[in-house]
Amino acid sequence: MKILFKKEYLRELYEEGKTKNKKYRFQPSLTKQFKNTIDKLRNANRIEELFPFKSLNYEKLTGDKAGLESVRVNQQYRIEFFCNYEGEEPNIITICSIVELSNHYK
């Protein structure tokens, strides 16, 4: 699937391993986990392909984040995204838009 980053710091974090904005500086271990998780999303053609990765803890979000989906980067951080689908069941993901790398407990 094609990955789009809605925020510049997410693209920088994935491509360069760091960001120019000091607000979005993360530990190198988190950056590596972020890249690995994005690569898993990139290699998936359907959401169902993420289910065997129990550590990702894929879920559809509810409440004020309804419409978004998420996977875990580690116990503390998750990637929030939404996908565009095509075709009938099973849906093929064409574009996955990464919205946020968020601290799950804040």
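Residues numbered from 1 in each chain as written. Predicted model: local features only at pLDDT ≥ 70, side-chain atom pairs only at ≥ 80, totals over all residues. Heavy atoms only, no water.

Details of the pairing of strand 3 (residues 69-72)
For step 1, the next point in the chain: Every second residue of strand 3 is oriented toward a common face, with Glu-69 and Val-71 on one face and Ser-70 and Arg-72 on the other, all of them buried.
For step 2, the next point in the chain: Pairing of strand 2 (residues 59-60) with strand 3 involves two bridges; the strand directions are antiparallel. Looking across to strand 3, one finds that Glu-59 is bridged to Ser-70.
For step 3, the next point in the chain: Alignment of strand 3 against strand 4 (residues 77-86), held across four bridges, turns out to be antiparallel. Counterpart to Val-71 in the pairing with strand 4 is Ile-79.
For step 4, the next point in the chain: In sequence, strand 3 turns back onto strand 4 through a hairpin of four residues. (Buried < 20%, exposed > 50% of the residue type's maximum accessible area, 1.4 Å probe, protein only. Helix = DSSP H or I, 4+ residues; strand = E, 2+ residues; numbered from the N terminus. Pairing = 2+ DSSP bridges.)

Side note on the pattern of salt bridges
For step 1, the next point in the chain: For the structure on display, the rule yields nine salt bridges.
For step 2, the next point in the chain: Residue Glu-8 pairs with Arg-11 through a salt bridge whose shortest N-O separation is 2.3 Å. Pair noted here: Glu-8 and Arg-11 are both in helix 1 (residues 8-16), with a separation of three residues, about one helical turn.
For step 3, the next point in the chain: Here Glu-8 falls in the partly exposed class, since its relative accessible area comes to 44%.
For step 4, the next point in the chain: The class for Arg-11 is partly exposed, based on a relative accessible area of 23%.
For step 5, the next point in the chain: Through salt bridges with shared partners, a single ionic network connects Glu-59, Lys-65, Arg-78 and Glu-80. (Salt bridge = Lys/Arg side-chain N within 4 Å of Asp/Glu carboxyl O.)

A few points about the packing of helix 1 against helix 2 (residues 28-43)
For step 1, the next point in the chain: Contact pair helix 1 / helix 2: the axes reach a minimum separation of 9 Å and the direction vectors enclose 95 degrees. On the basis of the axis angle, helix 1 is roughly perpendicular to helix 2. The residues of helix 2 that touch helix 1, namely those facing Leu-10, Leu-13 and Tyr-14, are Thr-31, Phe-34, Lys-35, Ile-38, Asp-39 and Arg-42.
For step 2, the next point in the chain: When its residues are assigned to classes, the contact of helix 1 with helix 2 shows five nonpolar, one polar and three charged. (Axes fitted to C-alpha atoms, helices over the stretch in contact; angles between N-to-C directions. Parallel < 35°, antiparallel > 145°, perpendicular 65-115°, else oblique. Contact = heavy atoms within 4.5 Å. Nonpolar A, V, L, I, M, F, W, Y, C, P; charged D, E, K, R; others polar.)

A closer look at the pairing of strand 5 (residues 92-103)
For step 1, the next point in the chain: Taking burial as the measure, the twelve residues of strand 5 include nine buried ones, the bulk of the element.
For step 2, the next point in the chain: As paired elements, strand 1 (residues 2-5) and strand 5 share four bridges and run parallel to each other. Following the sheet pairing, Phe-5 is matched in strand 5 by Ile-98.

Considering the sheet that holds strand 4
For step 1, the next point in the chain: The five strands are arranged 1-5-4-3-2 in an open sheet whose pairing can be described as mixed. Each having just a single partner strand, strand 1 and strand 2 make up the two edges of the open sheet.
For step 2, the next point in the chain: Two elements, strand 4 and strand 5, share ten bridges in a ladder whose sense is antiparallel. Among the inter-strand pairings, Phe-82 is bridged to a residue of strand 5, identified as Ser-97.
For step 3, the next point in the chain: Across the sheet, helix 1 is in contact with strand 1 and strand 5; its angle to strand 5 comes to roughly 100 degrees.

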